[in-house]
2 protein chains.
Amino acid sequence: MQIAVVLFDRLTALDAVGPYEVLSRVPDAETVFVAEHTGPYRTDTGSLALTADRTFADVPRPDVVVVPGGPGQTPQMDNPVLLDWLRAADAHTTWTTSVCTGSLLLARAGLLDGRRATSHWLALKALDDLGAEPTGERVVFDGKYVTAAGVSSGIDMGLALAGEIAGDESARRVQLLIEYDPQPPYDAGSPQKAPAGLVAELRAHTRHPQ
Amino acid sequence: MQIAVVLFDRLTALDAVGPYEVLSRVPDAETVFVAEHTGPYRTDTGSLALTADRTFADVPRPDVVVVPGGPGQTPQMDNPVLLDWLRAADAHTTWTTSVCTGSLLLARAGLLDGRRATSHWLALKALDDLGAEPTGERVVFDGKYVTAAGVSSGIDMGLALAGEIAGDESARRVQLLIEYDPQPPYDAGSPQKAPAGLVAELRAHTRHPQ
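Computed from a predicted structure; not experimentally measured.

### Here's the deal with the UniProt feature "domain: DJ-1/PfpI" (unreviewed entry) in chain A
- Under the UniProt annotation, the feature "domain: DJ-1/PfpI" (unreviewed entry) is placed at residues 2–161 of chain A.
- Taken end to end, residues 2–161 of chain A comprises 30% helix and 26% strand; its first and last C-alpha atoms sit 14 Å apart.

### As for the relation of the copies chain B and chain A
- The two copies are related by a screw operation: chain B maps onto chain A through 180° of rotation and 0.0 Å of translation along the axis, at an RMSD of 0.0 Å. As the rotation angle and translation indicate, the two copies are arranged about a two-fold axis. When each C-alpha of chain B is compared by its distance to the rotation axis, B:L50 comes out closest, at 2.5 Å.
- Looking at the interface residues of chain B, 100% of them are also at the interface in chain A, so both copies use one shared face.

### Examining the sheet that holds strand β11 (residues 145–148) of chain A
Residues and elements named next belong to chain A.
- Strand order in the open sheet formed by 7 strands is β5-β2-β1-β6-β7-β11-β10, and the pairing between neighbours is mixed. Where the open sheet ends on each side, the last strands, each with one partner, are β5 (54–55) and β10 (139–142).
- As paired strands, strand β1 (residues 2–6) and strand β2 (residues 30–35) are joined by 5 bridges and run parallel to one another. Bridge pairing links V6 to V34 in β2.
- Here helix α1 (residues 13–23) sits on the sheet in contact with β1, β2, β6 (64–67) and β7 (95–99), set at roughly 160° to β2.
- Strands in contact with helix α6 (residues 153–166) are β6, β7, β10 and β11; relative to β7, the strand with the most contacts, it is inclined by about 165°.

### Some words on the side chain of B:T43
- Checked against the element boundaries, B:T43 lands in the loop between β3 (39–42) and β4 (49–52).
- At 2.7 Å, the side chain of B:T43 and the side chain of A:Y20 are in polar contact.
- Sequence-distant contacts of B:T43, defined by excluding residues within four places in its chain, comprise A:Y20, B:R10, B:L11, B:A13, B:L48 and B:L50.

### A look at the pairing of strand β6 (residues 64–67) of chain B
Residue and element names in this part refer to chain B.
- Residues V64 and V66 of β6 are buried on one face, and the alternating residues V65 and V67, pointing to the opposite face, are buried as well.
- The sheet contact formed by β6 and strand β7 (residues 95–99) spans 4 bridges and is parallel. The residue bridging V65 from the neighbouring strand is T96, located in β7.

### Description of the sheet that holds strand β11 (residues 145–148) of chain B
All names here are of chain B.
- An order of β5-β2-β1-β6-β7-β11-β10 is seen for the 7 strands of this open sheet, with the pairing classed as mixed. Since the sheet does not close on itself, it has two edges, and those belong to β5 (54–55) and β10 (139–142), each with one partner.
- In this fold helix α3 (residues 80–90) packs onto β1 (2–6), β2 (30–35), β6, β7 and β11, with an angle of close to 150° to the strand it touches most, β6.
- Sitting on the sheet, helix α6 (residues 153–166) touches β6, β7, β10 and β11, and the angle it makes with β7 is about 165°.

### As for the interface of chain B and chain A
- With 64 residues of chain B at the contact, the number on the chain A side is 64 residues.
- On the chain B side of the contact with chain A, B:L176, B:E179 and B:Y186 bury the most area, a combined 15% of that side's loss.
- Here chain B and chain A share 8 salt bridges between them.
- Note that B:R42 is salt-bridged to A:D53, the shortest N-O span being 2.7 Å.

### Quick look at unusual backbone geometry
Residues and elements named next belong to chain B.
- Of note, C100 is a non-glycine position whose phi angle comes to about 60°, a positive value.
- Topologically, C100 is positioned in the loop between β7 and α4 (102–108).
- Taking the relative accessible area as the measure of exposure, C100 reaches 0% and is therefore buried.
- Despite not being glycine, E179 shows a phi value in the positive range, around 45°.
- When you line up the elements, E179 lands in the loop between α7 (168–177) and α8 (196–205).

### As for the packing of helix α7 (residues 168–177) of chain A against α8(B)
- One way to put it is that α7(A) packs onto α8(B) with a least axis distance of 11 Å and a crossing angle of 60°. For the element pair α7(A) / α8(B), the angle class is oblique. Between α7(A) and α8(B) the crossing geometry is right-handed. Mapping the contact onto sequence places A:R172, A:R173, A:L176 and A:L177 in α7(A) and B:L198, B:V199, B:E201 and B:L202 in α8(B).
- Split into classes, the residues belonging to the contact of α7(A) with α8(B) amount to 5 nonpolar, no polar and 3 charged.

### Side note on the pairing of β7(A)
Residue and element names in this part refer to chain A.
- For β7, the tally of buried residues reaches 5 of 5 residues, placing the bulk of the element in the interior.
- The side-chain alternation of β7 yields two buried faces, one formed by W95, T97 and V99 and the other by T96 and S98.
- Taken together, the 4 bridges between β7 and β11 define a ladder with parallel strand orientation. The residue of β11 that forms the bridge with S98 is T147.

### Some words on the pattern of salt bridges
- With the rule as written, the count across this model stands at 26 salt bridges over all chains.
- Across the salt bridge formed by A:D129 and A:K125, the nearest N and O atoms sit 3.0 Å from each other. With A:D129 and A:K125 both in helix α5 (residues 124–129), this residue pair falls 4 residues apart, about one helical turn. In this structure, A:D129 and A:K125 share a single accessibility class: exposed.
- Among the salt bridges present, the one from B:E21 reaches B:R25, with a minimum N-O distance of 2.7 Å.
- By relative accessible area, B:E21 is classed as buried at 0%.
- Exposure remark for B:R25: the relative accessible area of 15% places this residue in the buried category.
- The network of salt bridges with shared partners includes A:E21, A:R25 and B:D44.

Conventions we followed
Per chain, residues are indexed from 1 in the order of the written sequence. Chain labels run from A onward and ligand labels from 1 onward, assigned in the order the entries are written. Per-residue local features of the predicted model are confined to residues with pLDDT of at least 70, and side-chain atom pairs are confined, for both listing and counting, to 80 or more; whole-chain, interface and lining totals are unaffected and use all residues. The basis for the side-chain values is all heavy atoms of the structure; hydrogens and waters are excluded. UniProt positions are given in the numbering used here, feature names are shortened, and annotations may be inferred rather than shown by experiment. In this text, helices come from DSSP runs of H or I with a minimum length of four residues, and strands from runs of E with a minimum of two, each type numbered from the N-terminal end. For this overlay, a least-squares fit was computed on C-alpha atoms, restricted to residues scoring pLDDT of at least 70 in both copies. Contacts: residue pairs with any heavy atoms within 4.5 Å of one another. A pair of strands is labelled paired if DSSP reports no fewer than 2 bridges between them. Here an angle of 0 to 180 degrees is reported between the N-to-C directions of two axes, which are lines fitted to C-alpha atoms, with helices fitted over the stretch in contact. Polar contact criterion, stated in full: a pair of N or O atoms within 3.5 Å, where within protein one must be able to donate a hydrogen and the other to accept it, and residues adjacent in sequence count only if both atoms are side-chain atoms. Residue exposure (1.4 Å probe, protein chains only): buried if accessible area is under 20% of the type maximum, exposed if over 50%, otherwise partly exposed. For any pair of parts, buried area is found by adding up, for both, the accessible area (1.4 Å probe) each one loses once the two are put together. The term salt bridge refers to a pairing of a side-chain nitrogen on Lys or Arg with a carboxyl oxygen on Asp or Glu at a separation within 4 Å. An angle counts as roughly parallel when it lies under 35 degrees, as roughly antiparallel when it exceeds 145, as roughly perpendicular when it falls between 65 and 115, and as oblique in every other case. Crossing handedness is defined as follows: a turn of the near helix away from the far one that is anticlockwise and smaller than a right angle gives a left-handed crossing, while the clockwise case is right-handed. Residue polarity follows a fixed list, in which Ala, Val, Leu, Ile, Met, Phe, Trp, Tyr, Cys and Pro are nonpolar, Asp, Glu, Lys and Arg are charged, and the others, Gly among them, are polar.

This is the structure in structure tokens:
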């Protein structure tokens, strides 16, 4: 099973690394980081680079596609190389997935028309505008399309998908290996739970969902 | 505030990327990835590389040090370049931290003698053997030393530390930006919660804690 994780400039690192850390531990999985060109891609903060080992052309038929988001998603909305590859790869995937604003790229490629899907909470309206049907859930399955909410949700998505791919026992094994027993010291991880003033501030001032 | 995240070959990506994703969003933080040499470092699966932009010599006095773990931690236990830098940097840090088996490196450098600390659940005995006092907690503060349990726990550690550095409101802001409202589809993220047979299997067959 080949799992292709997409990279582009100014992606949010955890969007890609969360699902990678889970899915790469599924038995018989081969994980490849793919992009328009091989080499390092800077993340949104500028202080980290993740390396793409393969070009899109090198990976024509992955079984699973994972599309991250981040501020760099915006220019990719007009990148035919990425969008054409998403469409072509999707014709053969078992699972086509995204984290955060990666779902806007899937939607832009025409893959989420009329489908239930999600995205970073600041991008749900944009997802709606692109023809998907946003939900408030953290991980949304609609057929073979699996979309996750913002940034950290890719870990939950990865585990849910690992369960579908390899069974519950295998998914639990990965969860235990990565010691995923979350204990956030605050309870502000969604717009429903965070202080209203903070939610309003971010809605007003955040140009690019993370 | 300069935050130095350490890289080495065969680290576990999420150990480094979890805290990075949180701490790099703290106001006025400068995050740098440091290693013995600059350039890409392959993670434990072999399918991803993270780039170090600075050498240890380039970053003599970081305010915060984050040491990840992974199978590649073992050979680093005898790397004087890393250990000497940890000791020298620690002399000036505000916070010296680790995720997963990164705490074994802090302990090897002599920084956790008699201190309460934690590590990946499969590495708690090794941490004890190195002179620290392991606890069963997910994130352990002992003075300026902050250690986290396995892999995914670095996100919780990062948020707790963000609260100490920049205050609760700032930490909640980061939590909301990365939409950290975890909803694991399974409840097997610690040896206390996972099926006993799975815990026993991993204890018997996992040579290197992740």
